[in-house]
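# Fold and geometry: a report
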Amino acid sequence: MINEAEIGKRIRKFRLKKNYTLQMLADRTGYSKGYLSKVEKSEKAPPVATLSVIAKELGASVSVILGEETINDSICLVRQNERALMAKTGEEFGYAYEALANPYPNKHMEPFILSYPSDDALKHTFQHDGEEMLFVLQGQIRFKYGSREFVLKKGDCIYFDSSVAHTGETIGDEPLKTLIVLYTGSPKGPASFEQIQQRIVAMQ
């Protein structure tokens, strides 16, 4: 189990190392100064997409922000019982997630298994540079992408430009579990938060 209370402190440490104020990091990530302050002071891990955006702007990987040791190798094996579990209660910021390749250094992709304990866990709307894949392992989800909606069932997979606003909500009583892979680079996507906002507005 990763010590979630240390994640916010580690973000603050990296931010100060970069000589960023909270406002400077807010300008770079698109998150509000107040929200970032909450992330730094919280004893719970924020959503993995949020961590990915913050880590990228701080010049670090999500694994480093989580305090995971990295390996000196070009291959990484994580056994089922070795997954790093974060936000196990799903409180405050949202769902629980398990890192699948946390020891691998300087990753361009971030794979996780997400478990959604309730509808409230899906109250956040995300948008960040890069691309994302979502594969439904259990349950059903109504996935919202810009102005479009998709119903995804077990076995369905969706791949998308994550700079477009996206969120979702569970359908039915069965707990929802998904595999997601975040690609933190952005070869085709917009380079700034302002450009992301312009894209979203253009879609509406």
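Structure's up top.
We now turn to the structure provided with this report. Because the structure is a prediction, the values reported are computed rather than measured. (Residues numbered from 1 in each chain as written. Predicted model: local features only at pLDDT ≥ 70, side-chain atom pairs only at ≥ 80, totals over all residues. Heavy atoms only, no water.)

### Quick look at the packing of aromatic side chains
Convention followed: Any two rings among Phe, Tyr and Trp, with Trp reduced to its six-membered ring, count as a pair given centres within 6.5 Å; such a pair is stacked if its planes are under 30 degrees apart, edge-to-face if over 60, and tilted if neither. Think of it in three bands: with a 1.4 Å probe and only protein chains considered, a residue is buried below 20% of the maximum accessible area for its type, exposed above 50%, and partly exposed in between. What counts as a helix is a DSSP run of H or I of at least four residues, what counts as a strand is a run of E of at least two, and both are numbered from the N terminus.
Going through the model one piece at a time under the given rule, you end up with 5 aromatic pairs. Relative to Y145, the ring of F143 has its centre 6.5 Å away and its plane inclined at 20°; by these criteria the two rings are stacked. Its relative accessible area of 13% is what places Y145 among the buried residues. With a centroid separation of 5.0 Å and 50° between ring planes, the pair formed by F143 and F160 is classed as tilted. In this pair, F143 is assigned in strand β5 (residues 140-145) and F160 in strand β7 (residues 157-161), connecting sequence segments 17 residues apart. Looking at F143, the relative accessible area reads 3%, which means it is buried. Grouping aromatic residues by their ring pairs yields a cluster made of F143, Y145 and F160.

### Some points on the side chain of T178
Stated formally: The contact criterion used is simple: two residues touch if any of their non-hydrogen atoms lie within 4.5 Å.
Along the chain, the position of T178 falls in strand β9 (residues 176-183). Apart from the residues within four sequence positions on either side, T178 is in contact with F112, I113, L114, Y116, L134, F135, V136 and L137.

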